[in-house]
Amino acid sequence: MALATYWLTVLVSGLGLAAVTPGVQASPPGVYYAWQVLAMDTAQCLGQAQRALLSQGLAPEQNDATSMAGRSDDVTAVLVCVENPADITTVMIIVASEDDDRALALREALQLAF
């Protein structure tokens, strides 16, 4: 019983110290976006989005009817295709990274891929 009381005391003391110790704060990632109007439908836009992500070394991880996302160790990109009438689509490119230079360079590269 004494051993259990000892470990309970150590655990409670440790939790108390953890509550007093300030947590590590991470800086929020920079988020950058751009958009373009394209003469294509949503399916063509999503196909182009997949090729654009792959060309930049980002594995497409998520897609649905209007968007596709990809990521690497240090950057995440989302491309959203919104179809307007008459096969005109607006693509929005959203890039987030803690490395602002990397995010901006990726945004420019993805824009050029369209």
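Residues numbered from 1 in each chain as written. Predicted model: local features only at pLDDT ≥ 70, side-chain atom pairs only at ≥ 80, totals over all residues. Heavy atoms only, no water.

Chemist: Help me understand the confidence of the model for the protein chain in this model?
Modeler: Detailed reading of the predicted model is not advised wherever pLDDT is low. This prediction gives the protein chain a mean pLDDT of 82; 77% of its residues lie at or above 70. For residues 15-21, every residue scores under 50 in pLDDT, and the model assigns this stretch zero contacts once sequence neighbours within four places are set aside. (pLDDT = per-residue confidence, 0-100. Contact = heavy atoms within 4.5 Å.)

Chemist: Help me understand the nonpolar core in this model?
Modeler: As a rule of thumb, nonpolar side chains are buried together in soluble globular proteins. By size, the foremost hydrophobic cluster in this structure holds 19 residues, and its most contacted members are L53, A77, V91, V95, L106 and L110. Within the residue set of this core, elements represented by two or more residues are α2 (42-55), β4 (75-84), β5 (88-97) and α3 (100-112). With five residues, α2 is the single largest residue contributor to this core. Look past the residues within four positions of L53 in its chain and what remains in contact with it is L58, P60, M68, A69, G70, A77, L79 and L110. (Core = buried A, V, L, I, M, F, W, Y, C linked by side-chain atoms within 4.5 Å. Buried < 20%, exposed > 50% of the residue type's maximum accessible area, 1.4 Å probe, protein only. Helix = DSSP H or I, 4+ residues; strand = E, 2+ residues; numbered from the N terminus.)

Chemist: How do you make sense of α2 when you look at a structure like this?
Modeler: In an α-helix, one full turn covers 3.6 residues, which means residues spaced three or four apart are oriented alike. A rise of 1.5 Å per residue sets the reference length of α2, with its 14 residues, at 20 Å; its end C-alpha atoms lie 20 Å apart and thus fit the reference within 8%. Considering only its buried residues, α2 is in contact with β1 (30-38), β2 (59-63), β3 (67-71), β4, β5 and α3. The distance from a side-chain oxygen at the start of α2 to the backbone nitrogen of A43 is 3.3 Å, and the residue carrying that oxygen is D41. Where α2 terminates, the next one or two residues include G57, which has phi positive at roughly 75°. (Expected span 1.5 Å × (residues − 1). Polar contact = N/O pair within 3.5 Å; in protein donor to acceptor, adjacent residues only side chain to side chain.)

Chemist: How should I be thinking about the state of the cysteines in this particular structure?
Modeler: By definition, a disulfide is the covalent link that joins the sulfur atoms of two cysteine residues. Scanning the entire structure with this criterion turns up one disulfide. Here C45 connects covalently by a disulfide to C81, the sulfurs 2.0 Å from one another. When the S-S torsion is -75°, as for the bridge of C45 with C81, the disulfide is left-handed. A residue pair is termed long-range when its members are at least 10 positions apart, and C45 in helix α2 and C81 in strand β4 qualify at 36 residues. Given the relative accessible area of 0%, C45 is considered buried. (Disulfide = S-S within 2.5 Å.)

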